[in-house]
Structure formats: structure tokens, C-alpha cells
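One letter stands for each residue in the lines below.
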Number of protein chains: 2
Amino acid sequence: MKNQTSQSIEDYLKAIYELSIKDGRVATTHLAKHLGISPASVTGMIKKLSQMEPPYLNYQKHQGVFLTEAGERIALETLRHHRLLEVFLHEILGFPWDEVHEEADKLEHVISEKFEERMAFVLGNPEHDPHGDPIPNKELNVPKATMICLSDLRPHQKAIIKRVRDKDPKLLRFLSDLGLIPNAEIEINDYSEFDGNIHLAVKNSSKNVVLGPRITDQIHVSILN
Amino acid sequence: MKNQTSQSIEDYLKAIYELSIKDGRVATTHLAKHLGISPASVTGMIKKLSQMEPPYLNYQKHQGVFLTEAGERIALETLRHHRLLEVFLHEILGFPWDEVHEEADKLEHVISEKFEERMAFVLGNPEHDPHGDPIPNKELNVPKATMICLSDLRPHQKAIIKRVRDKDPKLLRFLSDLGLIPNAEIEINDYSEFDGNIHLAVKNSSKNVVLGPRITDQIHVSILN
DNA sequence: GATAATATTTAGGTATGCCTAATTAAGAAA
DNA sequence: TTTCTTAATTAGGCATACCTAAATATTATC
Ligand SMILES: [Mn+2]
Ligand SMILES: [Mn+2]
Ligand SMILES: [Mn+2]
Ligand SMILES: [Mn+2]
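Residues numbered from 1 in each chain as written. Chains lettered and ligands numbered in written order. Predicted model: local features only at pLDDT ≥ 70, side-chain atom pairs only at ≥ 80, totals over all residues. Heavy atoms only, no water.

1. Considering the coordination of the manganese ion (ligand 3)
Residues and elements named next belong to chain B. Using the following cut-off: As a rule, N, O and S atoms within 2.8 Å of a metal are its donors, except that Na, K and Ca use 3.2 Å; water is not among the atoms, so sites may look incomplete. Secondary structure elements are taken from DSSP: a helix is a run of H or I of four residues or more, a strand is a run of E of two residues or more, and numbering for both begins at the N terminus. Here the term buried applies to any residue with accessible area under 20% of the maximum for its type, exposed to any over 50%, and partly exposed to those in between, with areas from a 1.4 Å probe on protein chains only.
Coordination of the manganese ion (ligand 3) by the protein comes from E77 (OE), H81 (NE2), E113 (OE), E113 (OE) and E116 (OE), over a distance range of 1.6 to 2.5 Å. Ordering the donors of the manganese ion (ligand 3) by residue number gives the pattern E-x3-H-x31-E-x2-E. Here H81, found in helix α4 (residues 69–91), pairs with E116, found in helix α6 (residues 113–123); they are 35 residues apart in sequence, far enough to count as distant. Pair check on accessibility: H81 and E116 agree, each one buried.

Written as C-alpha cells, this is what we have:
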């Protein structure tokens, strides 16, 4: 009599996982916005998910939700599918990195465990997706990264881009046109404290780029000594 | 205001396409059995599909259904997805040929046109799936094969296996264990007219195999002069 | 601490796609 | 042609996952 999941359920749990990393408990409206669903519908679903056996969510009226262990397992399982698929679509099928997300979002619910396993094998068990996000391993442990934002860098520092946390295809294409993709090397030239703009150069491209905090907050780097 | 399809609709249309190749019009019960759905439900769905704009089915009460052009297009589109996916799963991900069908049956509804196109490119536009079934091309034309059944062969004839029309994983595994897969070369040794059994040898395997008509009717071959 | 603004929940409804049971139509046999 | 059998349809329901509008709880502001 085990619980079974649906597309929708997996999407809810994955969204709650992602949102709760920053904020702990996740509020109904927050979740609703993230999923593009009305708050009323979200209330209905989280109520259901918190009453399943075993429950996937811990929910108290007006207090938001957080994942139970069972719920987190499904979220991570889905996230592993998603990120492996992104690598797969990019490396094997040649999708550009700004298009992998949408396709993976549909496929993640449909592939079998065998598909997952074969994919991981063919790709050599990658640890990061094309945007630099960590892929949970087979036992669903997530390698956690030290988080330095590009927005925290200051002039003369050099760094390597590790992660671009955004899903907007337009922004992603804009960044990759500038060479700003995971593993690219950059150097900070200037910082203006009033608007938080960062001026930087991309190695092997001789371009000088200026980016605002809306963007630099989403880019994680590791600093080169 | 174009019609849009769902998983279910695609499955219905694909099933009707497959069944109508043999029999022309498709009867409600026949379709119901093939889909594993109650006849009552099938009546409901085919009614709906025949009343869409444009209709996918031509339906008259108690007379069964056949595909309209619009319906056939969707059936072929889905079939192309299915069979390309089978090749893909087999060649790229290393799935055994008896497991590709189930996985492709879920994925066929979910992949984008871009996924289809990339897959076809990577595979070099294959014309047949791992069971030898023809893959509709991009314009949805189906290369049609001359149909000689293994059951029609007689002693001393040599032939190459072209197609194995069965979805049962057990049978497929049984056949591949004997080397009886598309492109294998065989020679007929004996035929017994009472039960229709065929005795044959598989090239490079020295095994002598006896198969009944239940099986040999499903295997298509091309004869070697 | 009352009130206003915002967040959340409840109530009532819709579309899909399936089910069983009861009814009716079609086709075959007498 | 009447009768029997089988096939197909209708009627009435159910589960999932959404929606809008109305009601209520929480929280922030005065
Ligand atoms: Mn998995
Ligand atoms: Mn990603
Ligand atoms: Mn297609
Ligand atoms: Mn096939």
C-alpha cells in the first residue's frame, strides 16, 4: 500500500525542496507563485500531501510547510532525474544549455530508474549539471558547494564560474554569448558601490562586461588564489 | 484554437492506426482490449475524438471508427517518436531490445519536436526500430515493406529476419537468446504441415530451432535467392 | 489593542479520463 | 422472422488537479 506519486506531486515536492533551502518553511503563496498555480489550489494539494501515509509534508494551517524525510527523498529523486537529464540533453543530444531545463522538466517524471542508471553510466556519473548545480548521487546525497557569489568579488580578484542559478533562457543565452558559463575564468576590474555593478573581463575573450547585482547574485564562483 | 492532444488521445490514435492496418474499421471492443480500458470508456473517448474540430476520427454508432487525416497525422507522429526512441534507448543507452517498448511508450508523449530531431540526427535517421518496424520519416511517410512471414517459408530456403512483430518481453528475450533478431540469417530445414512447425538453423550458431506458427506468423523475413 | 493589509483557507465548480451497471442495438442461429 | 448472444452505448460515479469568489486568520501599523 505504498504511496505513489504523480507529475504534480513530484513538482510540488521539488519546488518545496528548492524554496526551503533558503527559507526553511515554505509559505503557500510563495509556492503558488513558484509553481504558477493559485494559492487555493496549493492549499488543497499540501493538505493532501500532509495527510498521506507516510506524509510527504509537515503542514500546519497558516504556518507553511516543510518536507518530511519521505517527501525529501522524492524531491531529491526528481532533482537527480532533472539534472542528469540536463547533462544528457546537453552532452549527448547537443541541446544548448538554455534549452535543457524545459525539456528536463517534462522528462524527469517519466523516465524509469533504469533510464536514470543508464544515463548516469553513459555520462560517467557527473556531479554537476550544465548550470553548475550539484546532482544528488544514487544514494541521494547532495554534494554541497561553498557558496561565493560573483556579487561578493572585488577588483583584482580572479575566479572560476561554478554555477549559474537562473532558468530564464534569455539570460542564459546572454551569459553564454559573453562566455560566462561554468568553468570560465574571470577577473574583476571594477566595482561601483552605489549600484553594486561589477566590471569584469572574461579570459580569452578580451571583452569587458558590466553586470548588475540582479545577475551577479545568481552566479557562484570559486576564487583563484 | 487548434486542437491539442493528451497522452490518452495519442494512445487511442496510435492504437487505432495499428489495428486498422489489418482490419480497416476498428471496433470498440477491439480497441478496448488493446488499450486495457473498458468498452464504455472507449465509447466516450471516440465520441469525443470524432466531435473535435477538426475531428480525429470518423465514427458512426455501432460501426466502429477510422482515422481522419488529422488523426492519422497524430498517430504517425506518435509512432515516429516511439520507434525513434526505441532505437535510441537500444543504441545510445544500451537497453536490451525487449525492454525498449515499455520505456518508449511513456516517453513518446513527452519529448519535444526538438528532441525528436536531435535524436534522429544522432542516430543517422534510422528507418527501422530494433524490432524491424518501419519508422515514419519527418514528413510522416512510412516506408512500406514487402511482407513475407517466416511461416510461409519451406525447407532449403534461406532468408534474413527483418521484423519481429511482438511486444512480449519474454518472447523477445527467448528469440534473441536464439539469435533470432533483425538481420540474422536463417535456413529452413523442415516443415511439418500438420502443426505448421518450422525447423530452422541460425547462421553462426549451429542451433536447430523448432518454432510454431504462433511465433513464425509474427516474424517477417526477406528471402535470399 | 484595534484596525487595516495581506496571506491563507473554505466552498463550490470545471475538465479529463477512467469505472460499473443497466440498457439497447446488431448480427447469428433457429 | 423471431430469438438469442454478443457488442456497443448510456447513465451515473469517482479521482485528480486545477479554478474563482468568499470567508477567515495572521501580521503589521497606528
Ligand atoms: Mn530515480
Ligand atoms: Mn539545471
Ligand atoms: Mn514529432
Ligand atoms: Mn518497436
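So that's the structure; there's more coming.
2. Describing the relation of the copies chain B and chain A
Selection criterion: Here the copies were fitted onto each other by least squares, based on C-alpha atoms from residues at pLDDT of at least 70 in both. Contacts are residue-level and defined by heavy atoms, with any inter-residue pair within 4.5 Å sufficient.
Screw-axis analysis of chain B against chain A gives a translation of 0.0 Å along the axis, an RMSD of 0.1 Å, and a rotation angle of 180°. What the rotation and shift describe, once combined, is the action of a two-fold rotation axis. Among all residues of chain B, the minimum C-alpha distance to the rotation axis is found for L107(B), at 3.7 Å. Mapped onto chain A, 100% of the interface residues of chain B are again interface residues, and the two copies thus contact each other with one and the same surface.

3. What to know about the interface of chain B and chain A
The condition that has to hold: Throughout, the accessible surface (probe 1.4 Å) given up by two parts as they are put together, summed over both, is called the buried area. Here a salt bridge means any side-chain nitrogen of Lys or Arg lying within 4 Å of a carboxyl oxygen belonging to Asp or Glu. Throughout this description, a polar contact denotes any pair of N or O atoms lying within 3.5 Å of each other; where both atoms belong to protein, one of them has to be capable of donating a hydrogen while the other can accept it, and for residues adjacent in sequence the pair is counted only when both atoms sit in side chains. When residues are sorted by character, Ala, Val, Leu, Ile, Met, Phe, Trp, Tyr, Cys and Pro go into the nonpolar class, Asp, Glu, Lys and Arg into the charged class, and all the rest, Gly among them, into the polar class.
Between chain B and chain A, the residue contacts involve 19 residues of the former and 19 residues of the latter. A per-residue breakdown of the area chain B buries against chain A is headed by L93(B), V110(B) and F115(B), which together make up 33% of the total. Along the contact surface separating chain B from chain A lie two salt bridges. Summed over the shared surface of chain B and chain A, the number is eight residue pairs in polar contact (both at pLDDT 80 or more). For the side of chain B that touches chain A, the secondary structure elements donating two or more residues are α4, α5 (100–107) and α6 of chain B. With five residues, α6(B) is the largest single contributor of residues to the side of chain B that touches chain A. Looking at the side of chain B that touches chain A, its residues break down into 12 nonpolar, two polar and five charged.

4. Focus on the sheet that holds strand β5 (residues 185–191) of chain A
For the record, the criterion: Pairing between strands is defined by DSSP: at least two bridges between them are needed.
Spatial ordering of the open sheet is given by β3-β8-β4-β5-β6-β7 (chain A), a layout of six strands whose pairing is antiparallel. Only two strands of the sheet have a single neighbouring strand rather than two, namely β3 (148–149) and β7 (208–211) of chain A.

5. A few points about the protein's contact with DNA strand D
Selection criterion: Working definition: residue near molecule or strand if any one of its non-hydrogen atoms lies within 4 Å of it.
Close to DNA strand D lie 21 residues; S6(A), K48(A), T29(B), K47(B) and Y59(B) are nearest. The sugar and phosphate moieties of DNA strand D supply 85% of its atoms located within 4 Å of the protein. One of the side-chain nitrogen or oxygen atoms of S8(A) is found 2.6 Å away from a phosphate oxygen of DNA strand D. A distance of 3.0 Å is found between a phosphate oxygen of DNA strand D and a side-chain nitrogen or oxygen belonging to T28(B). For the surface near DNA strand D, the elements supplying multiple residues, two or more each, are α1 (7–23) and α3 (39–50) of chain A together with α2 (28–35) and α3 (39–50) of chain B.

6. Notes on the protein's contact with DNA strand C
Neighbouring DNA strand C are 21 residues; T29(A), K47(A), Y59(A), S6(B) and K48(B) lie closest to it. Per the 4 Å cut-off to the protein, sugar and phosphate atoms form 82% of the nearby atoms of DNA strand C. Between a phosphate oxygen of DNA strand C and a side-chain N or O atom of S6(B), the distance comes to 2.5 Å. Interatomic distance of 3.5 Å between a side-chain N/O atom of Y12(B) and a phosphate oxygen of DNA strand C.

7. What to know about the coordination of the manganese ion (ligand 4)
All names here are of chain B. Listed as protein donors to the manganese ion (ligand 4) are E86 (OE), D129 (OD) and H131 (ND1); their distances from the metal cover 2.1 to 2.4 Å. Motif for the manganese ion (ligand 4), donor spacing along one chain: E-x42-D-x1-H. Here E86 is found in helix α4, whereas its partner H131 is found in the loop between α6 and β3 (148–149), with 45 residues between them in sequence. The burial state of E86 is the same as that of H131; both residues are buried.

8. A look at the packing of aromatic side chains
Operational definition: Between the rings of Phe, Tyr and Trp (Trp by its six-membered ring), a pair exists once the centres lie within 6.5 Å; its type follows the angle of the planes, with under 30 degrees stacked, over 60 edge-to-face, and the other angles tilted. Geometrically, a lysine NZ or arginine CZ counts as sitting over a ring once it is within 6 Å of the ring centre and also within 35 degrees of the ring normal.
Under the defined criterion, the tally for this structure stands at five aromatic pairs over all chains. Measuring from centroid to centroid gives 6.5 Å for F115(A) and F95(B), while their planes differ by 55°, and the two rings are tilted. With F115(A) in helix α6 (residues 113–123) and F95(B) in the loop between α4 and α5, this residue pair bridges two chains. According to the relative accessible area criterion, F95(B) is buried, its value standing at 2%. For the ring pair F88(B) and F115(B), a centre distance of 6.2 Å and an interplane angle of 70° mean the geometry is edge-to-face. Taken together, the positions of F88(B) in helix α4 and F115(B) in helix α6 put the pair 27 residues apart, joining distant regions of the chain. With a relative accessible area of 1%, F88(B) lands in the buried category. One aromatic cluster is present, formed by F88(A), F95(A), F115(A), F88(B), F95(B) and F115(B) through successive ring pairs. Sitting over the face of the ring of F95(B), K114(A) holds its NZ or CZ atom 5.9 Å from the ring centroid.

9. A short note on the side chain of E103(A)
Put simply, the rule reads: Charge assignment in this entry is limited to Lys and Arg as positive and Asp and Glu as negative, and neither His nor the chain termini are counted.
Of note, E103(A) is situated in helix α5 (residues 100–107). Although E103(A) lies buried, it forms no salt bridge, and the closest oppositely charged side chain, K106(A), sits 4.5 Å away as judged by the N-O distance. For E103(A), the residues in contact, after removing those within four places along its chain, are L89(A), F95(A), V110(B), I111(B), S112(B) and F115(B).

10. Topic: the packing of α2(B) against α3(B)
Residue and element names in this part refer to chain B. Going by this rule: The axes are straight lines fitted to the C-alpha atoms, using for helices just the contacting stretch, and the angles between their N-to-C directions are given from 0 to 180°. Each angle receives one of four descriptions, namely roughly parallel if under 35 degrees, roughly antiparallel if over 145, roughly perpendicular if within 65 to 115, and oblique otherwise.
As a packed pair, α2 and α3 sit with axes 9 Å apart at the nearest point and diverge in direction by 110°. Considering the angle they form, α2 stands roughly perpendicular to α3. In contact with T28, L31 and A32 of α2, α3 contributes P39, V42, T43 and I46. Residues of the contact of α2 with α3, tallied by class, amount to five nonpolar, two polar and no charged.

All we've got here are geometric facts, nothing functional implied.
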